[in-house]
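Summary of structural features
One-letter residues, chain by chain:
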Amino acid sequence: QVQLVESGGGSVQAGGSLRLSCAASGVTNLRFCMGWFRQAPGKKREGVASISSDDSTNYADSVKGRFTISKDNAKNTLYLQMNSLKPEDTAMYYCAGVYAYRVWVEYPFDYWGQGTQVNVSS
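The present account deals with the structure reproduced in this document. (Residues numbered from 1 in each chain as written. Predicted model: local features only at pLDDT ≥ 70, side-chain atom pairs only at ≥ 80, totals over all residues. Heavy atoms only, no water.)

A word on the layout of surface pockets
In this structure, the largest pocket spans a volume of roughly 250 Å³. Val 27, Leu 30, Phe 32, Asn 73 and Asn 76 are, among the 13 residues lining the largest pocket, the residues nearest its centre. When residues of the lining of the largest pocket are traced back to their parent elements, those giving at least two are strand 4 (32-39), strand 7 (67-72) and strand 8 (77-82). Taken together, the residues that form the lining of the largest pocket break down as 5 nonpolar, 6 polar and 2 charged. (1 Å grid on protein atoms, 1.4 Å probe; cavity = no way out; pocket = protein on both sides within 12 Å on 5 of 7 lines; lining within 4 Å. Points joined across faces, edges and corners; volume = space filled by probe spheres on them. Helix = DSSP H or I, 4+ residues; strand = E, 2+ residues; numbered from the N terminus. Nonpolar A, V, L, I, M, F, W, Y, C, P; charged D, E, K, R; others polar.)

Take a look at the structure:
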């Protein structure tokens, strides 16, 4: 029922910015939390940021102060603003969701998008 579709990935130089979007459809319960994950070649998937129903947020230490997660309830869209990008941010970024009141980074989300690639060159 729930479908998540990411967009906004691309290639940028170190220090640049990108904004990822995740369009959600089939969500009927307002108690729906979302998050962003990423996976680089040869590494395990890691949680990046999360946002709960009350708009409270959590971030991985590696991106805190550089990335901002937000949502537009009217458009049913999740965003990830990424500033001061570093080569180590290069990865496939995934959008995730779950019916819950509160979530955190690395929460076991139920729904996943197909991913959008982010490449940061030095």
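Additional details are given in the paragraphs that follow.
Topic: the nonpolar core
Counting 27 residues, the largest nonpolar core has Met 34, Trp 36, Leu 80, Met 82 and Tyr 93 as the members making the most contacts within it. Those elements giving two or more residues to this core turn out to be strand 3 (18-25), strand 4, strand 5 (46-51), strand 7, strand 8, strand 9 (91-99) and strand 11 (116-121). In terms of residue count, the dominant contributor to this core is strand 3 (4 residues). For Leu 80, the contacting residues outside a window of four places in its chain are Leu 18, Arg 19, Leu 20, Trp 36, Val 48, Ala 49, Phe 67, Thr 68, Ile 69 and Tyr 93. (Core = buried A, V, L, I, M, F, W, Y, C linked by side-chain atoms within 4.5 Å. Buried < 20%, exposed > 50% of the residue type's maximum accessible area, 1.4 Å probe, protein only. Contact = heavy atoms within 4.5 Å.)

A short note on the pairing of strand 8
The element strand 8 is extensively covered by neighbouring structure, given that 5 of its 6 residues are classed as buried. Two strands pair when backbone bridges link them, and strand 3 and strand 8 are joined in this way by 6 bridges, in the antiparallel orientation. If you follow Leu 18 over to strand 8, its bridge partner there is Met 82. Across 6 bridges, strand 7 lies against strand 8 in antiparallel orientation. (Pairing = 2+ DSSP bridges.)

Describing unusual backbone geometry
Of note in the backbone geometry, Asn 76 takes a positive phi value of approximately 55° without being a glycine. One non-glycine residue, Ser 84, lies in the positive phi region at around 50°. By secondary structure assignment, the location of Ser 84 is in the loop between strand 8 and strand 9. Judged by its relative accessible area of 42%, Ser 84 falls in the partly exposed class.

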